[in-house]
Amino acid sequence: KTPTAAEIRELFVRFFEERGHRRVPSSSLVPQNDPTLLFTNAGMVQFKDVFTGREKRDYSRATTAQKCVRAGGKHNDLENVGFTARHHTFFEMLGNFSFGDYFKKDAIAWGWEFVTSPKWLGLPKDRLAATVFAGEGTLPWDEEAYGLWKAQGVPEERIHKLGAKDNFWAMGDTGPCGPCSEIHFFQGNDIPCAEEKAGRKCEGVACDCDRWLEIWNLVFMQFERSQDGGLTPLPKPSIDTGAGLERMASVAQGKRSNYDTDLFQTIIGAIAKLAGKRYGEKDDDDSVSMRVIADHARATTFLVGDGVLPSNEGRGYVLRRIMRRAIRHGKRLGLEKPFLADVCRVVIAEMGQAYPEIRENEAFITKVAQQEEESFRRTLDKGLAILEAEMRKVGIPDAVAMGKPATPPPAKAARPVIDGKVAFQLYDTFGFPLDLTRVIAAERGFDVDEQGFDRHMAEQRARSEWKGSGEQAVGDLQKAIAGDIGEVKFLGYEVTKATAEVKA
Ligand code: ATP
Ligand code: MG
Ligand code: MG
Ligand code: MG
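Residues numbered from 1 in each chain as written. Chains lettered and ligands numbered in written order. Predicted model: local features only at pLDDT ≥ 70, side-chain atom pairs only at ≥ 80, totals over all residues.

## Considerations on the overall build of the chain
In step 1: Per the secondary structure count, the chain includes 19 helices and eleven strands.
In step 2: Across the 504 residues that make up the chain, the buried fraction comes to 42%. (Helix = DSSP H or I, 4+ residues; strand = E, 2+ residues; numbered from the N terminus. Buried ≥ 20, exposed ≤ 12 C-beta atoms within 10 Å, placed from the backbone.)

As structure tokens, then:
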């Protein structure tokens, strides 16, 4: 029987619980112990201080399903969403952790058992591959991990040696670090590969395409890196692993795209119904838009659920960019009335069981979505018209003029450029984040003069400092919301904390 995503989430955590791991609830998307980190982007974030030894817990093995956002900061997958079958802004990371307890041998054996045993995920062994760290510079290659995969019966030609970019992990410039090993799943050579399209060779597991899908990353924290870059072996090495639930569900359910799993089907179905369109297999504009909206509605729901509000800086600005992208895709799909709050409601119905905090905060989340959409829709049409006029002025690229899609885009040098002043006007007067203008422009084969944009931004900053009115726009939305929703209370933190205390 094909497992649902909810079943996989539970199977994973139970598997490790049975092997002595403490089931720990997901932490907030807003990191509580790291002001330098934009969003929680991996399962290990809530355990950082435990790994470094600064914090002690009464357990040395843990397992979680962790809410993650990768949109901004070091890990930014925002631009991939809608175009790859495997990247989301919001996703869940399943993980098992050892704090100076077990190491590589158990981590690899359990990882392999979970994905291959018919009692658990039961994936076909002949479609799996492993990667190990090949060594780079002074960093030694991970012969130990290689031997351990072999001991599991993975044939040598299916154990790939990759460089530091993919297979070496570090917490920061100094501190714990070590090699990693990944598990990949083969999805088929008929899947399009951008490298191959460009006339180069597809490197299989090492390629960025969706043919070999990375499903699980096992990090072996084994060294401490000092200021001078030297590595000392940690006296008690640790384990940190991360497996994307959406990708696990996609392979376990025999799909080639995360968006075809049960996690997304209902949400995409609801969007299609609102638009009166069908979600197709092929990569037409409508399908891309539906995927983007589904992804961004999940991110919106969970970010607002954890207390982030759309604003003009920091976390709030990342959220605003996500929401405005979704709204603009809705417009592209032909949704003329606000829809984002409705889609968030579907997300809450789908995910509220696993994450009660979004259910508790439903009124708040949908209100924030509604208000942001109403406010952006007031200026969206005018902004799009201005952008359209600018594109006509600087020239329609041939590919587009002939009615062909702008992918692959014309060579860089040949692309006409949107004036930085126009991009700034769109930002300043019509609320278009720069990356939104860039995306719309790119879809049509245009570039944006971003340096020009920055110049106008700096000039305006200088002007408003002079007038002393620089702060104005920032808190507007929060004020509007606070004034409007009356007694709706934000419950996210209390609820999450209460759950955490009960379970811990
Ligand atoms: P990729 O190479 O596909 O971008 P990654 O190497 O950046 O993935 P890790 O940082 O190793 O990913 O994270 C651990 C796991 O989390 C991955 O193996 C994958 O299953 C999942 N994952 C990572 N990024 C995303 C994302 N943007 N959306 C969904 N799942 C993700
Ligand atoms: Mg990545
Ligand atoms: Mg990777
Ligand atoms: Mg990885």
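There is more to say after this.
## Observations concerning the site of ligand 1
In step 1: Around ligand 1 there are 16 residues in total, and D77, F91, N217, G242 and G244 lie nearest to it.
In step 2: Among the secondary structure elements, those contributing two or more residues to the shell around ligand 1 are strand 3 (90-98), strand 8 (212-225), strand 9 (231-244) and helix 7 (245-252).
In step 3: In terms of residue count, the dominant contributor to the shell around ligand 1 is strand 8 (four residues). (Near = placed C-beta within 6 Å.)

## Digging into the domain arrangement of the chain
Quoted interface sizes are often the accessible area lost when the parts come together.
In step 1: Along its sequence, the chain is organised into domain 1 (5-252), domain 2 (261-377) and domain 3 (395-473).
In step 2: Broken down by element, the side of domain 2 that touches domain 3 gets its largest block of residues, five residues, from helix 10 (residues 314-333).
In step 3: Each residue belonging to the side of domain 2 that touches domain 3 can be placed in one class, and the counts come to one nonpolar, one polar and five charged. (Domains from an automatic or database assignment. Nonpolar A, V, L, I, M, F, W, Y, C, P; charged D, E, K, R; others polar.)

## Comments concerning the packing of helix 8 (residues 262-275) against helix 9 (residues 285-305)
In step 1: Between helix 8 and helix 9, the least distance of the axes is 9 Å, while the angle of their chain directions is 120°. The angle between helix 8 and helix 9 falls in the class oblique. The way helix 8 lies across helix 9 gives a crossing that is right-handed. Contacts from F264, I267, I268, I271 and A272 in helix 8 reach M290, I293, A294 and A297 in helix 9.
In step 2: When its residues are assigned to classes, the contact of helix 8 with helix 9 shows nine nonpolar, no polar and no charged. (Axes fitted to C-alpha atoms, helices over the stretch in contact; angles between N-to-C directions. Parallel < 35°, antiparallel > 145°, perpendicular 65-115°, else oblique. Left-handed = near helix turned anticlockwise from the far one by under 90°. Contact = placed C-beta atoms within 7 Å.)

## So, helix 13 (residues 362-394)
Because the α-helix completes a turn every 3.6 residues, residues three or four places apart line up on one side.
In step 1: When the terminal C-alpha atoms of helix 13 are compared, their 45 Å separation across 33 residues agrees well with the 48 Å that a helix rising 1.5 Å per residue should span.
In step 2: Just downstream of helix 13 lies G395, where phi reads positive at about 110°. (Expected span 1.5 Å × (residues − 1).)

## Describing the nonpolar core
In step 1: Counting residues in each nonpolar core, the largest one holds 114 residues, and the members touching the most others are I267, L340 and V343.
In step 2: For this core, the domains that each give at least three residues are domain 1 (5-252) and domain 2 (261-377).
In step 3: Contacts of I267, omitting those with residues within four sequence positions, involve A294, A297, V343, V346, V347 and E350.
In step 4: Counting residues in hydrophobic clusters, the runner-up holds 14 residues, among them L426, F446, V448 and F453. (Core = buried A, V, L, I, M, F, W, Y, C linked by C-beta atoms within 7 Å.)

## Considerations on the pairing of strand 2 (residues 61-69)
In step 1: Within strand 2, eight of the nine residues are buried, leaving the element largely enclosed by the surrounding structure.
In step 2: Looking at chain direction, strand 1 (residues 22-23) and strand 2 are connected through two bridges and run parallel. Bridge pairing links R23 to T63 in strand 2.
In step 3: Here nine bridges tie strand 2 to strand 3, and the two strands are oriented antiparallel to one another. Paired with A62 across the bridge in strand 3 is F97. (Pairing = 2+ DSSP bridges.)

## Examining the confidence of the model for the chain
In step 1: In this model, the chain carries a mean pLDDT of 89, and residues with pLDDT of at least 70 account for 88%.
In step 2: The low-confidence segment residues 401-406, where pLDDT is below 50, has eight contacts with residues more than four positions distant or belonging to other chains.
In step 3: Counted against residues more than four places away or in other chains, residues 467-504, with its pLDDT under 50, gives 45 contacts.
In step 4: As a predicted assembly, this complex carries a pTM of 0.88 together with an ipTM value of 0.99. (pLDDT = per-residue confidence, 0-100.)

## Considerations on the packing of helix 10 against helix 13
Packed helices, taken two at a time, are described by their axes: the angle between them and the distance between them.
In step 1: Orientation of helix 10 relative to helix 13, taken along the N-to-C sense of each, is 60°, at an axis distance of 10 Å. On the basis of their axis angle, the class for helix 10 and helix 13 is oblique. The handedness of the crossing between helix 10 and helix 13 is right-handed. Judged by residue contacts, M323, R324, I327, R328 and K331 of helix 10 engage E372, E373, F376, R377 and L380 from helix 13.
In step 2: Classifying every residue of the contact of helix 10 with helix 13 gives four nonpolar, no polar and six charged.

## A short note on the environment of Q253
In step 1: Within the element layout of this structure, Q253 appears in the loop between helix 7 and helix 8.
In step 2: A sequence separation of 248 residues divides Q253 from A5, and the C-alpha atoms of the two residues are 8.8 Å apart.
In step 3: Those residues in contact with Q253, other than ones at most four positions away along the chain, are T2 and T261.

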